[in-house]
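# What the coordinates show
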Amino acid sequence: AASLKYPRKILLPVYTEGTVRLVWKPDWNSRYVSSSAVHYLYSDNVIDISYDGTNNRFAASDGTNSVDSTSTILGSGTVYTLHFTFDATNGIKLYLNGALVDTNATYTLPSVASAGAEIYLGSSTSVTNHAHGTFYGFAVFDREMTSAEVAADYAQFSPLIADDERVDEIPWLW
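Here goes a summary of the coordinates provided. (Residues numbered from 1 in each chain as written. Predicted model: local features only at pLDDT ≥ 70, side-chain atom pairs only at ≥ 80, totals over all residues. Heavy atoms only, no water.)

### Concerning the overall build of the protein chain
Summing up its helical and strand segments, the protein chain has two helices and eleven strands in all. N-terminal to C-terminal, the α/β element order of the protein chain is β-α-β-β-β-β-β-β-β-β-β-β-α. Sorting the 174 residues of the protein chain into buried and exposed places 49% on the buried side. In the protein chain, once contacts between residues fewer than 6 apart in sequence are set aside, the share between residues at least 24 apart is 67%. A total accessible area of about 8,200 Å² is found for the protein chain, and carbon and sulfur atoms account for 50% of it. (Helix = DSSP H or I, 4+ residues; strand = E, 2+ residues; numbered from the N terminus. Buried < 20%, exposed > 50% of the residue type's maximum accessible area, 1.4 Å probe, protein only. Contact = heavy atoms within 4.5 Å. Areas by Shrake-Rupley, 256 points an atom, 1.4 Å probe, with all protein chains shown as cover.)

Okay, here's the thing in structure tokens:
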């Protein structure tokens, strides 16, 4: 099991608004997911994008408020695209494969003092929450995408996913 750990201030500064896009293909289906969450992106009190194996759903949080998808049974080899948007005016939103699945009218800007020093891609601070699978993309945008922009973003790279190609390079810090 592997995950990447980055300095949070470089990869995800504390934004007043933004969008995170994750593109992931699991190595297994839902029946192999434990009841604990599988974390795709995690930093203490800043962000948590995960899959809840107990309720079979994707979830995202700003550290205080959360949004969830409806029940989604994972299929081995199926690529899933998550967009998590956050903004003080519009709250937080979760999109699955280009479609809005949940909203919360409140976004709580994390305090710099309580924000975790690192951000983890593919796990949380515990390797038992490892996201077994392949990341086809990861991107952070410094503004909230609209629903139309999320749909267009997903449509733009869907042909790459269909050809089993990566959407983004996974960031490496040298």
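### A short note on the packing of aromatic side chains
Within this structure, the stated rule accounts for five aromatic pairs. Summarising the aromatic geometry, the rings of Phe86 and Tyr107 are spaced 5.2 Å apart at their centres and angled 40° between planes, so their arrangement reads as tilted. With Phe86 in strand 7 (residues 80-87) and Tyr107 in the loop between strand 9 (99-104) and strand 10 (118-121), this residue pair connects regions lying 21 residues apart in the sequence. Judged by its relative accessible area of 5%, Phe86 is buried. Ring pairs connect the aromatic residues Tyr51, Phe58 and Tyr80, which therefore count as one cluster. Residue placement shows Arg166 over the ring face of Tyr136; its charged tip is 5.9 Å from the ring centre. (Phe/Tyr/Trp six-rings, centres within 6.5 Å; stacked < 30°, edge-to-face > 60°. Lys NZ or Arg CZ within 6 Å of the ring centre and 35° of its normal.)

### Re the environment of Glu165
Take Glu165: it is sitting in the segment after helix 2 (147-162). Once the C-alpha coordinates of Glu165 and Gly137 are considered, the two residues, 28 residues apart in sequence, prove to be 9.6 Å apart. Beyond its immediate chain neighbours, meaning those up to four positions away, Glu165 contacts Tyr136 and Leu160.

### Details of the side chain of Thr81
Looking at where Thr81 falls in the secondary structure, it is placed in strand 7. Discounting chain neighbours no more than four positions away, the residues touching Thr81 are Arg21, Leu22, Val23, Tyr95, Leu96, Asn97, Tyr154, Phe157 and Ile161.

### Topic: helix 2
Between its first and last C-alpha, helix 2 extends 22 Å over 16 residues, near the 22 Å set by a 1.5 Å rise per residue. Roughly 35° is the biggest bend found in helix 2, and it falls at Gln156, with proline Pro159 one to four residues downstream. For helix 2, the full list of buried residues reads Val150, Asp153, Phe157 and Ile161. Of the surrounding elements, those touching the buried residues of helix 2 are strand 2 (17-26), strand 7 and strand 8 (91-96). In the segment just after helix 2, Asp164 is the residue with positive phi, at about 60°. (Expected span 1.5 Å × (residues − 1). Bend = angle between axes of the 7 residues up to and from the residue.)

### With respect to the sheet that holds strand 9
Strand order in the open sheet made by the five strands is 9-8-7-2-11, with antiparallel pairing throughout. Sheet topology places strand 9 and strand 11 (133-141) at the edges, where each strand pairs with a single neighbour. The sheet shows a mean angle of 15° between the axes of neighbouring strands, taken without regard to direction. Pairing between strand 8 and strand 9: five bridges, direction antiparallel. In the sheet register, Lys93 faces strand 9, and the bridge partner there is Thr103. Along the sheet, helix 2 contacts strand 2, strand 7 and strand 8; its crossing angle with strand 7, the most-contacted strand, is approximately 155°. (Pairing = 2+ DSSP bridges. Axes fitted to C-alpha atoms, helices over the stretch in contact; angles between N-to-C directions.)

### A word on the environment of Asp68
Its location among the elements puts Asp68 in strand 6 (residues 66-68). For Asp68, a relative accessible area of 22% corresponds to the partly exposed category. Sequence-wise, Asp68 and Ile49 are 19 residues apart; in three dimensions their C-alpha atoms are separated by 9.8 Å. Apart from the residues lying within four places of it in its own chain, the contact partners of Asp68 are Arg57, Phe58, Ala59, Leu94, Val101 and Asp102.

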